[in-house]
Amino acid sequence: MTTENPTAAAVVHPRSVVGTLPRYTAGKPPIVVEGLQSFKLSSNENPLGPVPAVLDAVRSLADINRYPDSLSTKLRTALGKFLDVAAEDIVTGAGSLGALNQLLSAFAGQNEDGRPDEVIYAWRSFEAYPICVGLAGAQSIMVPLKADGTHDLDAMAATVTDRTRVILLCTPNNPTGPVLFTEEVERFIGSVPADVVIVIDEAYMEFVRAEDAVDGIAMYRKYPNVVVLRTFSKAHGLAGLRVGYSVSRPELTRYLRVTATPFAVSSLAEHAAVVSLQNYGQVVERVQSLVDERNRVTAGLRALGWDIPDAQGNFVWLNLGENSTGFAALAEQRGLSVRAFGDEGVRVSIGETEANTRFLELCAEYTKAPQRS
Ligand code: PMP
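In this text, all values refer to a predicted model and were calculated from it rather than measured experimentally.

> Any chance you could break down the site of the ligand for me, citing the residues and the numbers?
Residues in contact with the ligand amount to 13 residues; listed here are only the nearest, S96, D201, Y204, T231 and S233. Here an oxygen atom of the ligand sits 2.6 Å away from a polar atom, N or O, in the side chain of S233. The separation between an oxygen atom of the ligand and a polar side-chain atom of R242 is 2.7 Å. Considered on its own, the ligand offers 400 Å² of accessible surface; in the complex 93% of this is hidden by protein. Ranked by residue count, the leading element in the shell around the ligand is helix 3 (residues 95-107), at three residues. For the shell around the ligand, a count of residues per class yields five nonpolar, five polar and three charged.

Below, the structure is given as structure tokens:
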């Protein structure tokens with residue numbers, strides 16, 4: 001019998017891990033400042049949006065009373081050609097976050113002996129990692145980044161145990177910005193047991209201009225335990241539609257097909273992604289204009305004497321330590337919403353030209369710039 005008393009508190013018991021996980025903090029929208037246009041620089045979104053053909057395609061899609069193709073066949077076929085990989089090796093998800101969850105539920109959780117599997121990743125990195133790993137039932141092994149915001153691959157290799165099932169490599173690393181390089185990644189893969197799944201999260205790969213940056217697809221071709229994660233959220237400007245994917249060999253992909261959320265990618269999202277790929281030349285032009293802006297911002301900061309890590313995504317990292325929240329508050333007063341991470345630093349997304357200029361103006365007046373230690 002159900003209780004009829006609407007004021008009674010529900011007596012429910014979540015899994016014990018649920019109480020221990022950090023909440024995902026989405027980037028805040030900017031507050032309204034009288035007389036100033038506000039800008040959101042807190043979620044690494046693409047301020048230019050999708051290419052016009054995508055907007056037209058999304059507006060004209062009619063069949064939304066039908067469920068989507070659960071296998072995203074059209075998108076996987078288009079991606080297969082685009083990446084020159086077998087379409088069977090691609091599994092789509094609701095964003096690359098969805099693809100990551102599918103991966104973790106296939107490969108890392110609670111072991112038969114009741115103890116959690118281990119998932120190693122650098123920290124600080126993408127803030128969803130601890131949540132996804134914890135929800136999968138596995139244990140996070142977080143290895144501190146080096147002072148310059150890069151992965152400490154030697155330290156990561158040294159933490160591998162017989163419980164390690166998955167290692168996440170984020171390149172460029174969100175929120176610090178540097179990439180991993182081919183040679184160091186190959187050395188790392190060679191030093192890790194072949195039954196550990198190595199995930200290369202390349203959410204921002206289109207923005208990378210560093211020479212010899214690792215190419216996840218090349219690693220997938222060479223090493224059977226590598227999975228690549230990519231997304232339409234950043235370069236393609238489709239964050240709101242939620243579409244991403246993983247690429248891996250059939251030996252891994254067959255398990256991902258089991259754990260994939262049914263109908264995770266909507267027909268709208270799939271269609272938009274296909275049209276965006278068809279217009280990739282325009283996507284590249286937009287990405288280049290954001291890379292140009294990123295380079296203007298990093299050059300501007302360095303000219304001011306700011307010591308910042310190499311920025312290869314669509315964001316910059318300010319190592320402001322205990323001044324982080326104070327800086328974010330100052331930015332907010334100027335109509336700029338940026339993302340402070342505790343007392344570690346502030347991540348500022350590359351936005352519209354006016355937003356980037358205003359950010360640089362704030363930095364020019366700010367007196368507690370991060371210096372080389
Ligand atoms: N990986 C990284 C490194 C990210 O920064 C993000 C988004 N902030 C994602 C994955 C997830 O992106 P999406 O789910 O939108 O593809």
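> Residues and numbers for the environment of R358, please.
Relative to the elements of secondary structure, R358 occurs in helix 12 (residues 353-365). In this structure the C-alpha to C-alpha distance between R358 and L180, which are 178 residues apart in sequence, comes to 31 Å. Apart from the residues within four sequence positions on either side, R358 is in contact with L36, Q37, F39, R334, G335 and L336.

> Describe the nonpolar core, and please don't skip the residues or the numbers.
Counting 80 residues, the largest nonpolar core has L301, W306, L318, F327 and F359 as the members making the most contacts within it. Taken domain by domain, the makeup of this core includes at least three residues from each of domain 1 (22-44 + 281-365) and domain 2 (53-278). Every residue in contact with F327, bar those within four places of it in the chain, is listed here: W306, L318, L320, V346, F359, L362, C363 and Y366. In terms of nonpolar packing, the next biggest core, distinct from the first, is built from 24 residues, L103, F107, V227 and L229 among them.

> Can you lay out the domain arrangement of the protein for me, pointing to particular residues and giving the numbers?
How big an interface is tends to be reported as the loss of accessible area on association of its parts. Taken domain by domain, the protein holds domain 1 (22-44 + 281-365) and domain 2 (53-278). The centre of domain 1, based on its C-alpha atoms, is set 25 Å off from the matching centre of domain 2. Taken residue by residue, the interface counts 25 residues in domain 1 and 26 residues in domain 2. Buried area between domain 1 and domain 2, both sides added, is near 2,100 Å², and the carbon and sulfur share of it is 58%. Contact with domain 2 buries surface across domain 1, with Y24, Q312 and F315 losing the most and accounting together for 27% of the total. Our count for the contact surface shared by domain 1 and domain 2 stands at two salt bridges. For the pair domain 1 and domain 2, the number of links is ten residue pairs in polar contact (both at pLDDT 80 or more). The set of elements that each furnish at least two residues to the side of domain 1 that touches domain 2 consists of helix 10 (280-303), strand 9 (315-318) and strand 11 (339-341). At six residues, the largest contribution of residues to the side of domain 1 that touches domain 2 is made by helix 10.

> Can you explain unusual backbone geometry? Please cite residues and give values.
Cis geometry marks the peptide bond from T171 to P172; its omega dihedral reads -5°. Residue placement: P172 occurs in the loop between strand 5 (164-170) and helix 6 (182-191). Cis geometry marks the peptide bond from N174 to P175, where omega comes out at 15°. Along the chain, the position of P175 falls in the loop between strand 5 and helix 6. Positive phi, close to 45°, is recorded for S72, a residue that is not glycine. In this fold, S72 is placed in the loop between helix 1 (52-60) and helix 2 (73-83). The exposure class of S72 is buried, given its relative accessible area of 1%.

> Lay out the pattern of salt bridges in plain terms, naming residues and giving numbers.
By the definition in use, this model includes twelve salt bridges. Ionic pairing is found between R124 and E344, a salt bridge with its closest N-O pair at 2.9 Å. With a gap of 220 residues between them, R124 in the loop between strand 3 (118-123) and helix 4 (128-136) and E344 in the loop between strand 11 and strand 12 (345-349) connect regions that are remote in the sequence. For E344, a relative accessible area of 32% corresponds to the partly exposed category. E186 serves as the salt-bridge partner of K222, at 2.8 Å between the closest nitrogen and oxygen. Note that K222 is positioned in helix 7 (residues 216-222) and E186 in helix 6, a separation of 36 residues in sequence. Classification of E186 as partly exposed rests on a relative accessible area of 22%. Where salt bridges share partners, they join E202, D215 and R230 into one cluster.

> Break down the state of the cysteines for me, with residues and values.
Covalent bonding between the sulfur atoms of two cysteines defines a disulfide. As enumerated under the stated definition, the model contains zero disulfides in all. No disulfide involves C132; its sulfur sits 12 Å from that of C170, the nearest cysteine. Residue classification places C132 among the buried residues on the basis of a relative accessible area of 6%.

> Give me the sheet that holds strand 3: which residues, what numbers.
Here we have seven strands laid out as an open sheet, ordered 2-8-7-6-5-3-4, and mixed in their pairing. The outermost strands of the open sheet, each flanked by one partner alone, are strand 2 (90-93) and strand 4 (139-144). Going across the sheet, the axis of each strand differs from the next one's by a mean of 25°, ignoring polarity. Here strand 3 runs beside strand 5; their pairing, made up of four bridges, is parallel. By the bridge assignment for strand 5, V119 is matched with V166. Its contacts with the sheet place helix 8 (residues 250-259) against strand 2, strand 6 (197-201), strand 7 (226-231) and strand 8 (244-247), and it is angled at close to 30° to strand 2.

Reading the values: rules and limits
What you see as residue numbers is a count from 1 along each chain, following the sequence as written. Note on the predicted model: pLDDT of at least 70 is required for a residue's local features to be given, and 80 or more for side-chain atom pairs to be given and counted; whole-chain, interface and lining totals, by contrast, use all residues. Side-chain numbers come from the whole structure's heavy atoms, not from hydrogens or water. It suffices for a single heavy atom of a residue to lie within 4 Å of a molecule or strand for the residue to be listed as near it. Pairs of N or O atoms within 3.5 Å make up the polar contacts considered here, provided that, within protein, one atom can donate a hydrogen while the other can accept it, and that residues adjacent in sequence are counted only when both atoms are side-chain atoms. All accessibility values rest on the Shrake-Rupley procedure with a 1.4 Å probe; residue burial counts only the protein chains present in the view. Here a helix means four or more residues in a row that DSSP labels H or I, a strand means two or more in a row labelled E, and each is numbered from the N terminus. Following the grouping adopted for this structure description, the nonpolar residues are Ala, Val, Leu, Ile, Met, Phe, Trp, Tyr, Cys and Pro, the charged ones are Asp, Glu, Lys and Arg, and the polar ones are all others, Gly among them. By definition in these notes, contact holds between two residues if any of their heavy atoms fall within 4.5 Å. Definition used in this section: a nonpolar core is a set of buried Ala, Val, Leu, Ile, Met, Phe, Trp, Tyr and Cys residues joined via side-chain atoms within 4.5 Å. Only protein chains enter the area calculation, which uses a 1.4 Å probe; residues under 20% of their type maximum are buried, those over 50% are exposed, and those in between are partly exposed. Boundary definitions for the domains trace back to an automatic or database domain assignment. Throughout, buried area stands for the accessible area (probe radius 1.4 Å) lost by two parts on being put together, summed over both. Criterion for a salt bridge: a side-chain nitrogen of Lys or Arg within 4 Å of a carboxyl oxygen of Asp or Glu. Throughout, a disulfide means two cysteine sulfur atoms within 2.5 Å of one another. Only when DSSP finds a minimum of two bridges between them are two strands counted as paired. Throughout, an axis means a line fitted to C-alpha atoms (over the contacting stretch in the case of helices), and angles, computed between N-to-C directions, take values from 0 to 180 degrees.

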